[in-house]
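The lines below spell out each chain.
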Amino acid sequence: MLSRVAENIYWFARYIERAENTARIVTVNANLLLDLPKGIAPGWAPLVDITGANALFEEHYKDYGERQVVRFLLSDERHPGSIHSALMAARENCRTIRDIVPREAWEQINGLYLYARENQQKGITKTGRHAYLRALISGSQTIVGLLDGTMLHDQGHNFLRLGRFMERADMTTRIADVRSASLLREAEELRPFDTIQWVSVLKSMTAYQMYRRSEQIRVQRGPVLRFIFQNNQFPRSVRYCVEHARSCLGWLPRNEAALRVIGRLARNLDAAELHRLDQIELHAFVDDLQLGIGDLHQEIAATWFPPPPVVEETAA
Amino acid sequence: MGIDWTDYPSVGFYDELLAAPGEPRAETEALAADLAALGLDELVARQEAAEVAIKEMGITFTVYSEEGGAIDRAWPFDVIPRVIPEREWRQVEAGLKQRVKALNLFIDDLYHDQRIVKDGVFPEEVLAKSVNFRPQCVGVDPPLGVWAHICGSDLVRDADGTLYVLEDNLRVPSGVSYMLENRLVTKRVFPELFEHYAPLPVDDYPSQLFDTLAALSPRPAEYPEVVVLTPGIYNSAYFEHSYLAQQMGATLVEGRDLFVADDDCCYMRTVDGPAQVDVIYRRIDDLFLDPEAFNSESSLGVPGLMRAWTAGKVALANAPGAGVADDKVVYAFVPEIIQYYLGEAPIIPNVPTYRCMEPADMQYVLEHLAELVVKPANESGGYGMLVGPASTQAERDRIAAAIKKDPRNYIAQPTLSLSTVPTVTKAGIEPRHVDLRPFILSADRRQVTMGGLTRVALRKGSLVVNSSQGGGSKDTWILPDSGPAEGQSQSQSQTQGQA
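Computed from a predicted structure; not experimentally measured. (Residues numbered from 1 in each chain as written. Chains lettered and ligands numbered in written order. Predicted model: local features only at pLDDT ≥ 70, side-chain atom pairs only at ≥ 80, totals over all residues. Heavy atoms only, no water.)

(A) Spatial organisation of the interface of chain B and chain A. In this complex, chain B contributes 21 residues to the contact, which on the side of chain A involves 21 residues. Inspection of the chain B/chain A interface yields two salt bridges. Ionic pairing is found between B:Asp257 and A:Arg4, a salt bridge with its closest N-O pair at 2.6 Å. Run the count over chain B and chain A and you get seven residue pairs in polar contact (both at pLDDT 80 or more). Sorting the residues of the side of chain B that touches chain A by element identifies helix 1 (29-57), helix 8 (238-248), strand 9 (251-253) and strand 11 (266-270) of chain B as the ones contributing at least two each. (Contact = heavy atoms within 4.5 Å. Salt bridge = Lys/Arg side-chain N within 4 Å of Asp/Glu carboxyl O. Polar contact = N/O pair within 3.5 Å; in protein donor to acceptor, adjacent residues only side chain to side chain. Helix = DSSP H or I, 4+ residues; strand = E, 2+ residues; numbered from the N terminus.)

Rendered as structure tokens:
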């Protein structure tokens, strides 16, 4: 398989996953705010914090109001992490791998992109938002299912899964980091609403029900952190993503260096005693994880992807 | 409702199906009758079925627009096939092979001794001003001495029925994938006609193309690694690039997938590491092939590719520099070229051509602009040309000035009355003008596609068949001389059914 094609498949999967996760965090935040008393609610800024795009946001918007943040995350073409940009990038990547993925996958991503674009306005209003985001999430899931169920499970499929798990692991650490930080900040007044907020963390990953089944304990910080970071059965936990990324790497040629990097990542993850970490230590831990995920990406790119172009080119 | 061919409004042109309204040609009599029996409503229904099939099969070509970037458009197609009797086709086939053989000898000569120039048959000044002559290719010996491995020559038929070669495309001719797909579509929508007439098959092309390319491999002992080099998804022929790669089982690559190492070999970057490439079917122009040798701005090509090619470590098809014979002024000399290298008279004639470089010809052209088609030497796709009868005075003045400024860059030809084929239109069955692009493969042997791509100008009265300018296409049937299968005719077989 050509390195360029492998890279396109990998990014295709990442962008689909990114669009889905962004739709999830917007949905959950909207619900959370309805449950919290006005005045003490953390508002919409944490969503921008999660994506790490604060500088860009502040360049274009005056304040972190609902409309502004939602527009930024859903439809802003200037924001490379917006759902609009992610779906467009996924579509462009898919265009070049049309001989690798089944035709239906192309039709699906094409349809999803067009739906997202044509219904943007609906997504920004309070009343239309829920249905819009649900359609995006289920559209992304359809693509993932379609590919798993119909494409050859060869090298290309490994890169597809690799992209998906890398993006998902990254997003899960971001959600945990930002949410738990904001939980701490207003500790005093928000204490009675702690549970609600941890429930919202779980819900943004569709993890609430699974947490209940798996942990059989009330929702609280320690077990929630353990569940979303270290559970090896929940498909959006960091541990699960890392383990499955590792198995994808296992099938690829020349994988020694990448396996070393991911081994280090897995060991750090397993060794952490999350319930003992205070907020600052947790943040440092998450920082470390994200650096590890970044290193892994660098290693994957260096081993299997084409070298970056020498001349200036528009990025994939 | 049946079709009454006596109402068919074909006057003043050679129609491929009918000798005159109501009078089918001897070899198309049965088909004309079958089409008439199907009737207009049924033909329209088949036309719609074909359009659905094309959408489903994803047969597209790409068009640029200022706002929307590149758009994939469904390939415009007309269901009524264009028929050529095998007897006639065999002549054409021989003529095309003759032509391409001579052109390859010509190109090889130009990059070596230039005997044809020294012998005074081909003017030095034409060569000197050729924009497609590549000094980088002088002295290079490509495998088997062949430069133009894939040639697409455009044929047109004039009012008296004579077939002419209109031009030869020796750089990166496109359209063959549509020839193949048109056949698939026709089989889907006309299975009964198809069975009955059994046109000679076209589907060998991808394997013939692969064999042609494989024959060029610098490592004959190994199974050759053949790749198709595309400029990328925004190229208008990207569909074809990816189609041919899939059909041949070759890898579709872009320039950045390849690199030339210090050993002068060309490699592609794969997940398993570098893999040596033997043959590149390149679908990008010479000037973008190698930024070290040509356009240093180009990011489409592969730095060092010319070095690898001249060292014989990788084969390029078509060879760089092959386009020197693809110039419309060179075209005017092809009859002399055939005579010079092969000692034979051309089997298929050229369209009579005025060379503006010759003062008498230029004089004639300038005086008759309103009747002639004037073409610049190195444009394709119908760009930059003047169609005299359809031109305005201002356009004629502009081209007259251009000709006077650079006579060598222009040729002119009489406006041909391109032949027509019945075509399904909103107003019923009407004649539309067609040309024909067969493809000729050359390596260790020469092969010609069975027929080729019939392009049709879908606008009434239009002579422009290019898909970028409102053209479509038709399936091309070479009908065996033995005629339709013996025994039951179409209508009889349909009377049989469950008792």
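(B) Structural detail: the pattern of salt bridges. Residue and element names in this part refer to chain A. Summed over the entire model, instances satisfying the criterion amount to 49 salt bridges over all chains. Close ionic contact of Glu-92 with Arg-95 constitutes a salt bridge, the shortest N to O distance being 3.4 Å. Of this pair, Glu-92 and Arg-95 both sit in helix 5 (residues 83-95), three residues apart, which is roughly one turn of the helix. Judged by its relative accessible area of 23%, Glu-92 falls in the partly exposed class. (Buried < 20%, exposed > 50% of the residue type's maximum accessible area, 1.4 Å probe, protein only.)

(C) Quick peek at the pairing of strand 12 (residues 273-276) of chain B. Residues and elements named next belong to chain B. Relative to strand 12, strand 11 runs antiparallel, the two sharing four bridges. Paired with Thr-270 across the two strands is Gly-273, which belongs to strand 12. What sits between the antiparallel neighbours strand 11 and strand 12 is a turn of two residues. (Pairing = 2+ DSSP bridges.)

(D) Structural detail: the environment of A:Leu274. All names here are of chain A. Along the polypeptide, Leu-274 turns up in the loop between helix 15 (256-271) and helix 16 (279-304). A relative accessible area of 3% places Leu-274 in the buried class. Between the C-alpha atoms of Leu-274 and Arg-67, which are 207 residues apart in sequence, the distance is 35 Å. Every residue in contact with Leu-274, bar those within four places of it in the chain, is listed here: Arg-221, Leu-225, Arg-226, Phe-229, Gln-230, Leu-282 and Phe-285.

(E) Summary view of the domain arrangement of chain B. Residues and elements named next belong to chain B. Here the domain parsing of chain B yields domain 1 (5-347 + 416-482) and domain 2 (354-414). For domain 1 versus domain 2, the separation of C-alpha centres amounts to 26 Å. Facing the 21 residues of domain 1 at the interface are 18 residues of domain 2. Across the domain 1 to domain 2 interface the summed buried area is about 1600 Å²; carbon plus sulfur atoms make up 49%. Broken down residue by residue, the surface that domain 1 buries against domain 2 is led by Lys-129, Lys-328 and Val-329, which jointly contribute 33%. (Domains from an automatic or database assignment. Buried area = accessible area lost by both parts, 1.4 Å probe.)

(F) Focus on the sheet that holds strand 16 (residues 372-376) of chain B. Residue and element names in this part refer to chain B. One open sheet holds the four strands; their spatial order is 15-18-16-17, and the pairing between them is antiparallel. Unpaired on one side and paired on the other, strand 15 (354-355) and strand 17 (386-387) mark the two borders of the sheet. When strand 15 meets strand 18 (residues 410-414), the two strands line up antiparallel, connected through two bridges. Bridge pairing in strand 18 links Tyr-354 to Ala-412.

(G) Spotlight on the environment of B:Met248. Residues and elements named next belong to chain B. Along the polypeptide, Met-248 turns up in helix 8. In sequence terms Met-248 and Leu-184 are 64 residues apart; their C-alpha atoms lie 17 Å from each other. Every residue in contact with Met-248, bar those within four places of it in the chain, is listed here: Pro-206, Leu-209, Phe-210, Leu-213, Val-228 and Tyr-281.

(H) Layout of the packing of aromatic side chains. Residue and element names in this part refer to chain B. Taken as a whole, this structure holds 30 aromatic pairs over all chains when the rule is applied. For the ring pair Trp-75 and Tyr-178, a centre distance of 3.6 Å and an interplane angle of 10° mean the geometry is stacked. Remark: Tyr-178 occurs in helix 5 (residues 176-189) and Trp-75 occurs in the loop between strand 4 (69-74) and strand 5 (77-85); sequence separation between them is 103 residues. Looking at Trp-75, the relative accessible area reads 5%, which means it is buried. With a centroid separation of 5.0 Å and an interplanar angle of 70°, the aromatic rings of Phe-106 and Phe-122 are classed as edge-to-face. Separated by 16 residues along the polypeptide, Phe-106 in helix 2 (residues 86-110) and Phe-122 in the loop between helix 3 (115-118) and helix 4 (124-128) bring together distant segments of the chain. (Phe/Tyr/Trp six-rings, centres within 6.5 Å; stacked < 30°, edge-to-face > 60°.)

(I) Structural context of unusual backbone geometry. Residue and element names in this part refer to chain B. Look at the link from Ala-317 to Asn-318: it is a cis peptide, with omega at -10°. Position of Asn-318 among the secondary structure elements: in the loop between strand 14 (315-317) and helix 11 (328-331). Of note, Leu-144 is a non-glycine position whose phi angle comes to about 65°, a positive value. With respect to the helices, strands and loops of the structure, Leu-144 is situated in the loop between helix 4 and strand 6 (150-157). At Asp-264, a residue that is not glycine, the phi angle is positive and equals roughly 65°. Within the secondary structure, Asp-264 is located in the loop between strand 10 (258-260) and strand 11.

(J) Molecular detail of the pairing of strand 13 (residues 279-282) of chain B. All names here are of chain B. Covered by surrounding structure in strand 13 are Val-279 and Tyr-281 together with Ile-280 and Arg-282, the residues of both alternating faces. Where strand 8 (residues 226-229) lies against strand 13, four bridges are found, and the strand directions are parallel. Bridge pairing links Val-227 to Ile-280 in strand 13.

(K) Structural context of the nonpolar core. Residues A:Phe12, A:Phe229, A:Phe285, B:Trp5, B:Tyr205 and B:Ile280 are the most contacted members of the largest nonpolar core, which totals 238 residues. The residue makeup of this core includes at least three contributed by each of domain 1 (5-347 + 416-482) and domain 2 (354-414) of chain B. Not counting residues up to four positions away in its chain, the partners in contact with B:Ile280 are B:Val227, B:Leu229, B:Leu258, B:Cys266, B:Leu305, B:Val314, B:Ala315, B:Leu316 and B:Ala317. Counting twelve residues, the second-largest nonpolar core is a separate cluster that includes B:Leu386, B:Ala400, B:Tyr410 and B:Ala412. (Core = buried A, V, L, I, M, F, W, Y, C linked by side-chain atoms within 4.5 Å.)

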